[in-house]
Amino acid sequence: MVFTDFVSFGMELLLLWLFFLFFFVLVMGSWGYGVLRYFFFFFFFFFFFCLFCVFGLKNLFFFYLFFEVSLVPIFFFVLGFGLREERLGAALYMLFYTVFFSLPFLLGIFWFYDYMSTLDFFFVYYLGDFYFDLVSFVVFLLVFLVKLPCYIFHLWLPRAHVEASVGGSMVLAGVMLKMGGYGLLRFVGFFIFGFSFFRYLVAFGIWGAVVVSFLCLRRCDLRVMVAYSSVFHMSLLVSVWALGKFMSVVVIFFMMFSHGLISPIMFYLVGLFYDCLRTRRVLVMRGLVFFFPVYLYFWVLILMFNIGFPPFMRFFFEFMYLSLVFGRWVWYFVFLLAGLVFSGLYNILMFSYLYLGRGFGYVVGIGGFVDYFLYVVFLFMYVFYFFF
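Here the structure is a predicted model, which is why all the values come from computation and not from measurement.

A short note on the overall build of the protein chain
Next, step 1: In terms of regular secondary structure, the protein chain is built from 17 helices and 0 strands.
Next, step 2: With 388 residues in all, the protein chain has 57% of them scored as buried.
Next, step 3: Across the protein chain, contacts joining residues at least 24 apart in sequence account for 78% of those joining residues at least 6 apart.
Next, step 4: Counting only carbon and sulfur atoms, one obtains 75% of the accessible surface of the protein chain, whose full area is about 17,000 Å².

In structure tokens:
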């Protein structure tokens, strides 16, 4: 019933790393919740137990069971440890949005059992090419696109991140989003190659990444910007997966691994800024170089990792992805390149507004000519590394 291969083993390694990270950063700091700390402990361990079962079980029904039960700890992370009174609406929105799209997946599992008399993954894997059609493909695809989530299916994610606590946001971005990518690799990837519309999925993912990069340029909430950055990378993940190459599996794995490392740290720093300043508005949080001079270096490294500067991990899989797309569709390559450039642009703007602008009206930051000069220097550095 429990099995391990290179996909599940890699996800379990990521899960082990994030477990120790969250344990020392979140659980050891949960004593400030008072009586609720015991519930925090319980939901924390229960959530990672569900994820271990998701990555290690080969029965489709138990996979679906733990796949959906893992929503319960996240629901209470948002509802019980949220920051504002709108957290109830955000938690219910997340719960019903994901459960609604997962019900067809449960019906598909019942159809499998009725047609094949087994729910073992390997039997479904070898018999699936003969029985899967377009309807079953769409039914199985939707549940994982919502869990990622990619663009169009992402509406629950920004609200959940805004209303959740710092620990909830870190768990949500670091681990829960990876279940969608694992599902694409495990349960959907073996029957996509029989259809001729996979190029439309590539276009769908690239188009979503470009749109999300434009959306990030007009957001003023720092946590929403980080959440949309996750949607950007998950949209790219869908387009990489739809290419149907063996190299795509490698790119997807390292994409999920790097996102699981860097995104929780970004949410942690955003939560730290909010605890000190009581705001997440980018236009208000200017001049942070005077308030957090030490964190300046950490923020620069994190943003460099997020936009794919060499020699960081994200640069190599973005380069491999560009080479895969350029060899088949030139126009897709152009739009993908535009999306990556705008992704780097909003990361640079985020840093410029936070640390190089004027802060709070009573603390004068680095403004005027120096501000624009450093912004232009960072932009040219990014373009230079990206093309050369």
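Points about the packing of helix 8 (residues 156-163) against helix 11 (residues 222-242)
To describe two helices that pack against each other, one gives the angle between their axes and the distance between the axes.
Next, step 1: At a minimum axis separation of 9 Å, helix 8 and helix 11 run at an interaxial angle of 140°. Classified by the angle between their axes, helix 8 and helix 11 sit oblique to one another. Our pair here, helix 8 against helix 11, has a crossing hand that is right-handed. Residue-level inspection shows Leu 157, Pro 158, His 161 and Val 162 of helix 8 in contact with helix 11, the latter providing Arg 223, Val 224, Ala 227, Tyr 228 and Val 231.
Next, step 2: In the contact of helix 8 with helix 11, the residues fall into 7 nonpolar, 1 polar and 1 charged.

Looking at helix 11
Next, step 1: The end-to-end C-alpha distance of helix 11, which contains 21 residues, comes to 31 Å, matching closely the 30 Å that a straight helix rising 1.5 Å per residue would cover.
Next, step 2: With 21 of 21 residues buried, helix 11 is to be regarded as a mostly interior element.
Next, step 3: Here helix 11 starts with a cap whose side-chain oxygen sits 3.0 Å from the backbone nitrogen of Arg 223, and that cap is Asp 221.
Next, step 4: Gly 244, located one to two residues past helix 11, shows a positive phi value of around 75°.

Digging into helix 15 (residues 313-326)
Next, step 1: Given a rise of 1.5 Å per residue, 14 residues ought to cover 20 Å, and the 21 Å separating the end C-alpha atoms of helix 15 matches this to within 8%.
Next, step 2: Residues Arg 314, Phe 317, Glu 318, Tyr 321, Leu 322, Leu 324 and Val 325 constitute the buried set of helix 15. Seen along its axis, helix 15 keeps its buried residues to an arc of 160°; they face one direction.

Description of a nonpolar patch on the surface
Next, step 1: Taken together, the side chains of Phe 61, Phe 62, Leu 65, Leu 107 and Phe 110 present a nonpolar region at the surface, about 440 Å² in accessible area.
Next, step 2: Those elements giving two or more residues to the nonpolar patch turn out to be helix 3 (60-69) and helix 5 (87-116).
Next, step 3: Here the nonpolar patch takes 3 residues from helix 3, the largest share from any one element.
Next, step 4: Counting through the fold element by element, Leu 65 comes out in helix 3.

A closer look at the packing of aromatic side chains
Next, step 1: Here the structure, examined in full by the defined rule, presents 29 aromatic pairs.
Next, step 2: Centre to centre, the rings of Phe 101 and Phe 153 are 5.9 Å apart; their planes meet at 90°, and the pair counts as edge-to-face. Of this pair, Phe 101 sits in helix 5 while Phe 153 is found in the loop between helix 7 (134-147) and helix 8, placing the two residues 52 residues apart along the sequence. Here Phe 101 and Phe 153 have matching classes, each one buried.
Next, step 3: Between Phe 253 and Phe 254 the ring centres are 5.7 Å apart and the planes differ by 80°, which places this aromatic pair in the edge-to-face class.
Next, step 4: For Phe 253, a relative accessible area of 25% gives the class partly exposed.
Next, step 5: On the basis of relative accessible area, Phe 254 is assigned to the partly exposed category, the value being 35%.
Next, step 6: Following the ring pairs from residue to residue traces out a cluster consisting of Phe 19, Phe 44, Phe 45, Phe 47 and Phe 48.

Here is what the cut-offs are and how they apply
Residues numbered from 1 in each chain as written. Predicted model: local features only at pLDDT ≥ 70, side-chain atom pairs only at ≥ 80, totals over all residues. Heavy atoms only, no water. Helix = DSSP H or I, 4+ residues; strand = E, 2+ residues; numbered from the N terminus. Buried < 20%, exposed > 50% of the residue type's maximum accessible area, 1.4 Å probe, protein only. Contact = heavy atoms within 4.5 Å. Areas by Shrake-Rupley, 256 points an atom, 1.4 Å probe, with all protein chains shown as cover. Axes fitted to C-alpha atoms, helices over the stretch in contact; angles between N-to-C directions. Parallel < 35°, antiparallel > 145°, perpendicular 65-115°, else oblique. Left-handed = near helix turned anticlockwise from the far one by under 90°. Nonpolar A, V, L, I, M, F, W, Y, C, P; charged D, E, K, R; others polar. Expected span 1.5 Å × (residues − 1). Polar contact = N/O pair within 3.5 Å; in protein donor to acceptor, adjacent residues only side chain to side chain. Arc of directions from axis to C-beta. Patch = residues over 30% accessible without salt bridge, like charges linked within 9 Å, V, L, I, M, F, W, Y side chains within 5 Å. Salt bridge = Lys/Arg side-chain N within 4 Å of Asp/Glu carboxyl O. Phe/Tyr/Trp six-rings, centres within 6.5 Å; stacked < 30°, edge-to-face > 60°.

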